[in-house]
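Listed below, chain by chain, are the residues.
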Amino acid sequence: MKFKRIISAIAAAAMMATMAVSASAVKLSEVCAPGDGVYDSIGGMGFFMNHEFAAWCQSDWCGIDAEGKISMTFNINEINAGQLGQGGLGMMGIMVANLPADTDFDVKVLSATFTPKGSTEAMDLPTILAGTTLTNVTGGEAPRFMVRPLAETNEETGEVLIAAAPEVAGWEVPGSFKGGELKVELSFADADVADAPADDTPADDDTPATDDTPATDDKPADKPADDNAATGMGSVALVGLALSVAGAVASKKRK
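Reading the values: the criteria
- Throughout, a residue's number is its position along its own chain's written sequence, starting from 1.
- Owing to the predicted nature of the model, reporting of local features is limited to residues with pLDDT of at least 70; listing and counting of side-chain atom pairs is limited to 80 or more, with chain, interface and lining totals taken over all residues.
- With hydrogens and water set aside, each side-chain value is computed from the structure's full complement of heavy atoms.
- By definition, any uninterrupted DSSP run of H or I lasting at least four residues is a helix, any uninterrupted run of E lasting at least two residues is a strand, and each is numbered from the N terminus.
- Summary of the burial criterion: residues with accessible area below 20% of their type's maximum are buried, those above 50% are exposed, and those between are partly exposed, where the area comes from a 1.4 Å probe applied to protein chains only.
- Any pair of residues with heavy atoms lying within 4.5 Å of one another is described as a contacting pair.
- Paired strands, in this sense, are two strands between which DSSP finds at least two bridges.
- We define a polar contact as two N or O atoms separated by no more than 3.5 Å, with the added condition that, inside protein, one atom must be a possible hydrogen donor and the other a possible acceptor, whereas residues neighbouring each other in sequence contribute only through side-chain atom pairs.

A.B. asks: In this structure, what is going on with unusual backbone geometry? I would like to understand it.
C.D. replies: The phi torsion of most residues other than glycine is negative, and most of the peptide bonds are trans. Unusually for a residue other than glycine, Phe53 sits at a positive phi of about 50 degrees. Summarising the element assignment, Phe53 is placed in the loop between β1 (43–50) and β2 (57–58). Among the residues examined, Phe53 registers a relative accessible area of 36% and is labelled partly exposed. Although it is not a glycine, Asn98 sits at a positive phi angle of roughly 75 degrees. For Asn98, the location among the structural elements is in the loop between β5 (89–97) and β6 (104–106).

Here is the structure:
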């Protein structure tokens, strides 16, 4: 009987943790939609600063499309890369402007690559690919995903504010960065839509169409996507909270 109560406590804790995790961020479609002013004003720009952080460079504006995607390509040339310095990387990435304020939005990074000048091979940027949410804080800077060869820290406390990206380690050295092409594609679409595989099933020309076949286009998704699948943090939270509750129940029973 005691075991059953412990299991029930674990289940209850898991449910509470799931509700807390799922409520932490929302889909853009829950707040605005294509055609209204808020949605249509959203867009992104690539950005770059050299190792001296003395000048800001940015790409052209890339507006969000009707499917919730922002596709950005930024050609960082030698003038940008060497501006007021000798070609070292300070930071580069993508920022998203005009998101509704003070709300955590789910976002999926579909691709993030950089092709160094003189190379034909694009390298992935795992630090940007790991991004899952963006928040436009009132009075703050536009939210962004970026890579930095050196971490940004609080000068007084030493706290790490933005971690260094291993994939660009050493690029802060003057002369090590000559520019190249930065490409990032984001999706604010619902996860089940953004992740849906292409339908490669060939059409059967021998099957006659019938008027009695019910339409299924409006059928809602049976299961929402797990927003925490990419990082695994949701699973860790569930297990930790569940074990804590289970331990508390067991301890109480021993008393």
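A.B. asks: Where do I start with the environment of Phe177 in this structure?
C.D. replies: Residue placement: Phe177 occurs in the loop between β12 (160–162) and β13 (180–187). Look past the residues within four positions of Phe177 in its chain and what remains in contact with it is Phe48, Ile76, Ala81, Gly87, Gly88, Leu89, Met92, Phe114 and Trp171.

A.B. asks: What exactly am I supposed to notice about the environment of Met92 here?
C.D. replies: Among the secondary structure elements, Met92 is positioned in strand β5. In this view, Met92 contacts Phe47, Phe48, Ile76, Phe114, Phe145, Met146, Val147, Trp171, Phe177 and Leu182; residues no more than four positions away in its chain are not counted.

A.B. asks: What am I meant to see in the pairing of β13 here?
C.D. replies: If a strand is regular, its side chains alternate between the two faces of the sheet. Pairing between strand β4 (residues 69–76) and β13: eight bridges, direction antiparallel. Bridged to Phe74 within β13 is Leu182. Inspection of the sheet shows strand β7 (residues 108–116) paired to β13 by eight bridges, in the antiparallel sense. From the neighbouring strand, Thr113 faces β13, where its bridge partner is Lys183.

A.B. asks: Explain the side chain of Ser59 here, please?
C.D. replies: Among the structural elements, Ser59 can be located in the loop between β2 and β3 (62–63). In terms of polar contacts, Ser59 uses its side chain to reach the backbone amide nitrogen of Gly46, at 2.7 Å. Sequence-distant contacts of Ser59, that is, excluding residues within four places in its chain, are made with Met45, Gly46, Met72, Thr73 and Phe74.

Shape descriptors only; they carry no functional weight alone.
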